Amino acid sequence: MKNEKQLILSRLPKVDVILGRPSMKRWEQTYSRTLIKQAVQEVLAAIRQDVLSGTCQNVPSEAEIEEAVVQYFQDHQQLHLRPVINGAGTILHTNLGRAVLSKRISQHVAAIASSYSNLEYDLDGGHRGSRYRHLQTILKKLTGAEDVLVVNNNAAAVLLALTTLIKGKEVIISRGELVEIGGFFRIPEVIELSGGMIREVGTTNKTHMEDYRQAINENTGAIMKVHTSNYRVIGFTETVPEEKMAALAHEQGLPFINDLGSGLFIDMRRFGLPYEPTVGEALRQGCDVVTFSGDKLLGGPQAGIIVGKTCYIEQMKKNQLLRALRVDKMTLAALEATLHLYLDEDIAVRDIPVLQMLSQSQRVCMNKADTLCQELEKCNLPVEVAVEPCRDMVGGGSYPEYTLPGYVVTMETDQCTTAELERRLRHGEIPIISRIQKDKVCLSVRTITEDDFSTICNVVRDLF
Ligand SMILES: *Cc1c(COP(=O)(O)O)cnc(C)c1O
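Below you will find a few notes about this structure. All values reported here derive from a predicted model rather than from experimental measurement. (Residues numbered from 1 in each chain as written. Predicted model: local features only at pLDDT ≥ 70, side-chain atom pairs only at ≥ 80, totals over all residues. Heavy atoms only, no water.)

Helix and strand counts for the chain come out as 20 helices and 18 strands. Projected onto the principal axes, the alpha-carbon positions of the chain cover approximately 90 × 55 × 50 Å. Here the chain holds 464 residues, and 49% of them are scored as buried. Of the roughly 23,500 Å² of accessible surface on the chain, 50% is carried by carbon and sulfur atoms. (Helix = DSSP H or I, 4+ residues; strand = E, 2+ residues; numbered from the N terminus. Buried < 20%, exposed > 50% of the residue type's maximum accessible area, 1.4 Å probe, protein only. Areas by Shrake-Rupley, 256 points an atom, 1.4 Å probe, with all protein chains shown as cover.)

With that out of the way, let us pick up the nonpolar core. Ile223, Leu355 and Leu358 are the most contacted members of the largest nonpolar core, which has 95 residues in total. When residues in this core are grouped by element, the largest group, 9 residues, is from helix α8 (residues 154-166). Beyond its immediate stretch of four places on either side in the chain, Leu355 contacts Ile266, Met268, Phe271, Leu297, Tyr342, Ala348 and Val349. The next biggest cluster of nonpolar side chains, apart from the first, holds 26 residues, and it includes Leu376, Val385, Val409 and Leu443. (Core = buried A, V, L, I, M, F, W, Y, C linked by side-chain atoms within 4.5 Å. Contact = heavy atoms within 4.5 Å.)

Let us look at the sheet that holds strand β15 (residues 398-413). Across the sheet, 5 strands lie side by side as β2-β14-β15-β18-β17; this open sheet has mixed pairing. Whereas interior strands pair on both sides, the edge strands pair on one side only; in this sheet they are β2 (90-92) and β17 (435-437). Neighbour to neighbour, the strand axes of the sheet diverge by 40 degrees on average, direction disregarded. Pairing geometry for strand β14 (residues 383-395) and β15, over 12 bridges, is antiparallel. (Pairing = 2+ DSSP bridges. Axes fitted to C-alpha atoms, helices over the stretch in contact; angles between N-to-C directions.)

This paragraph deals with the packing of aromatic side chains. Scanning all chains against the criterion turns up 6 aromatic pairs. A centroid spacing of 5.5 Å and a plane angle of 40 degrees characterise the contact between Trp27 and Tyr31, whose relative ring orientation is tilted. Classification of Trp27 as buried rests on a relative accessible area of 14%. Chaining the aromatic ring pairs together yields one cluster made of Trp27, Tyr31, Tyr72 and Phe73. We note Lys206 situated over the ring of Phe236; from NZ or CZ to the ring centre the distance is 3.8 Å. (Phe/Tyr/Trp six-rings, centres within 6.5 Å; stacked < 30°, edge-to-face > 60°. Lys NZ or Arg CZ within 6 Å of the ring centre and 35° of its normal.)

Here α8 crosses helix α13 (residues 310-318) at 100 degrees, and the two axes come no closer than 9 Å. Taken together, the axes of α8 and α13 lie roughly perpendicular to each other. Contact with α8, carried on its side by Leu160, Ala161, Thr164 and Leu165, involves Tyr312, Gln315 and Met316 of α13 and no other residues of that element. Along the lines of polarity and charge, the residues of the contact of α8 with α13 split into 5 nonpolar, 2 polar and no charged. (Parallel < 35°, antiparallel > 145°, perpendicular 65-115°, else oblique. Nonpolar A, V, L, I, M, F, W, Y, C, P; charged D, E, K, R; others polar.)

In the vicinity of the ligand, 13 residues are found, and the nearest of them are Ala155, Ser229, Asp259, Ser293 and Lys296. Within the side chain of Arg98, an N or O atom sits 2.9 Å from an oxygen atom of the ligand. Between the ligand and Ala155 there is a distance of 2.9 Å, counted from an oxygen atom to a backbone nitrogen or oxygen. Within the complex, 95% of the 380 Å² of free accessible area of the ligand lies under protein. Partitioned by chemical class, the residues of the shell around the ligand number 4 nonpolar, 6 polar and 3 charged. (Near = heavy atom within 4 Å. Polar contact = N/O pair within 3.5 Å; in protein donor to acceptor, adjacent residues only side chain to side chain.)

Moving on: the sheet that holds strand β11 (residues 256-262). The 7 strands lie next to each other as β5-β13-β12-β11-β10-β6-β9, forming an open sheet whose pairing is mixed. Strand pairing shows two members of the sheet lacking a second neighbour, β5 (147-151) and β9 (197-201), which therefore form its edges. When strand polarity is set aside, the average angle formed by the axes of neighbouring strands in this sheet is 25 degrees. As paired elements, β11 and strand β12 (residues 289-293) share 5 bridges and run parallel to each other. Considered in β12, the bridge of Asn258 is made with Val290. Contacts between helix α7 (residues 133-143) and the sheet are confined to β5 and β13 (304-308), with β5 contributing the most and set at about 115 degrees to the helix. Across the face of the sheet, α8 comes into contact with β5, β6 (170-174), β10 (220-226), β11, β12 and β13 while running at roughly 160 degrees to β12.

Attention shifts here to the packing of helix α6 (residues 103-113) against helix α15 (residues 329-341). At a closest axis distance of 9 Å, the pairing of α6 and α15 adopts a crossing angle of 145 degrees. For α6 against α15, the interelement crossing comes out right-handed. Contacts between α6 and α15 involve Ile105, His108, Val109, Ile112 and Ala113 from the first element and Lys329, Met330, Ala333, Ala334, Ala337, Thr338 and Leu341 from the second. Here the residues of the contact of α6 with α15 are counted per class, giving 9 nonpolar, 2 polar and 1 charged. (Left-handed = near helix turned anticlockwise from the far one by under 90°.)

Counted by the stated rule, this structure contains 32 salt bridges. Between Arg33 and Glu28 there is a salt bridge whose closest N-O contact spans 3.0 Å. Glu28 sits in the partly exposed class, given a relative accessible area of 32%. Between Arg186 and Glu189 there is a salt bridge; the shortest N-O distance is 3.2 Å. The class for Arg186 is partly exposed, based on a relative accessible area of 37%. By relative accessible area, which is 44% here, Glu189 ends up partly exposed. (Salt bridge = Lys/Arg side-chain N within 4 Å of Asp/Glu carboxyl O.)

Position of Ser117 among the secondary structure elements: in the loop between α6 and β3 (121-122). Measuring from C-alpha to C-alpha, the distance between Ser117 and Lys329 comes to 8.6 Å, with 212 residues separating the pair along the chain.

Residues of α13 that are buried include every one of Tyr312, Ile313 and Met316, and no others. Looking down the long axis of α13, one finds its buried residues gathered within 95 degrees of arc, a one-sided arrangement. In the core, the buried residues of α13 are packed alongside β5, α8, β12, β13 and α14 (321-324). (Arc of directions from axis to C-beta.)

Bringing unusual backbone geometry into the picture now. Look at Arg98: it is not a glycine, yet its phi comes out positive at around 55 degrees. Tracing the chain through its elements places Arg98 in the loop between β2 and α6. With a phi close to 60 degrees, Asp439 is a non-glycine residue in the positive phi region. By secondary structure assignment, the location of Asp439 is in the loop between β17 and β18 (440-444). According to the relative accessible area criterion, Asp439 is exposed, its value standing at 55%.

See below:
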């Protein structure tokens, strides 16, 4: 037995023989000889392992080894982070990268990334400028804020605001707002991390004006409100209106901080969703510092935006922590371009993918689903396709109790189980993320564009 393995090993072709094969010569146009040699050595080493463990019992031919090396290159050429098709119907799918940018904005980002820019250069004066200036005017215009600042994400925005304003002091916050957002971002822990102390008031379901008032003492640094984005307390509940909290804070010379979570510039009732205050409204209600995300309902890149009173934002600009939380040029490019669209609400709804998906009526979804279904039928595959109504989600911790009426294309096959079909789609050349509903694989068309239909057909064709 031992000798048999040795015999196979001794008959394996030498590295140089494989390197002389025709396709290896072709790869030399793309890769250095060193890289190709390394690939051949790794493939041969893997075969030797298989021979010794008994999984490989024949001498593979030169052509087979050559093919294995080509496969090795193809696998290693594939980047790990790549585009997928979201058929899950959740618009702000955190696992799938939250907000999608439009093609036009992506092109602007690419232009800024692949060229020098005036990121920190003042073109008028010909001297050093600030990266935060690019968004100053537009954010002030859209929100009515005195001053603005942008950091890496909203978690960073909250951390910077708290570290700057309440270090060594108490921040008063309702027990109903000590929330955990996805990915272990917990308000009580962020307050501790900022060097502040939590002064919890009220109860989970009810907090009164008197609770806040009685908690104020000489060591109070701020009063805070946190949007309970991803859950709702319903029934016997009470919260204090923002105007009243602001009045109380100002009476005592304290800042009133409001973490809105998802920042809005548009009244969501336009999309049939319940009312939520916009960033501008929050400021008019008397909030001194408002923080929100760039990539939730705003529909921009990952970013944390801080708007409010100059006296507080100035302090944050001087905080050393800002350097660690700073946004890069690609984020600034995408955010500025997204904000520009908001100068005209109708253009924002037309051109920002998140808002397009939100505003897609059930009728539009049905027509899209019909088209996709027909295109899949034309492929003549052993898959049964049909159109069915569904409920889609906003996601990103927004509107947890609310669903949008949409349509899915369902897929069934007798060639494999539902779970296996779901897995195969996920492993396609372009991965397709589906959801399973009533034991059928479903693709919700709200989060899929018509441009993706032919890709979906190609991927599904490859599966059978
Ligand atoms: C989502 C959210 C955050 C975190 O925002 P990121 O941009 O994901 O860092 C913080 N606070 C609230 C209330 C949120 O909803």
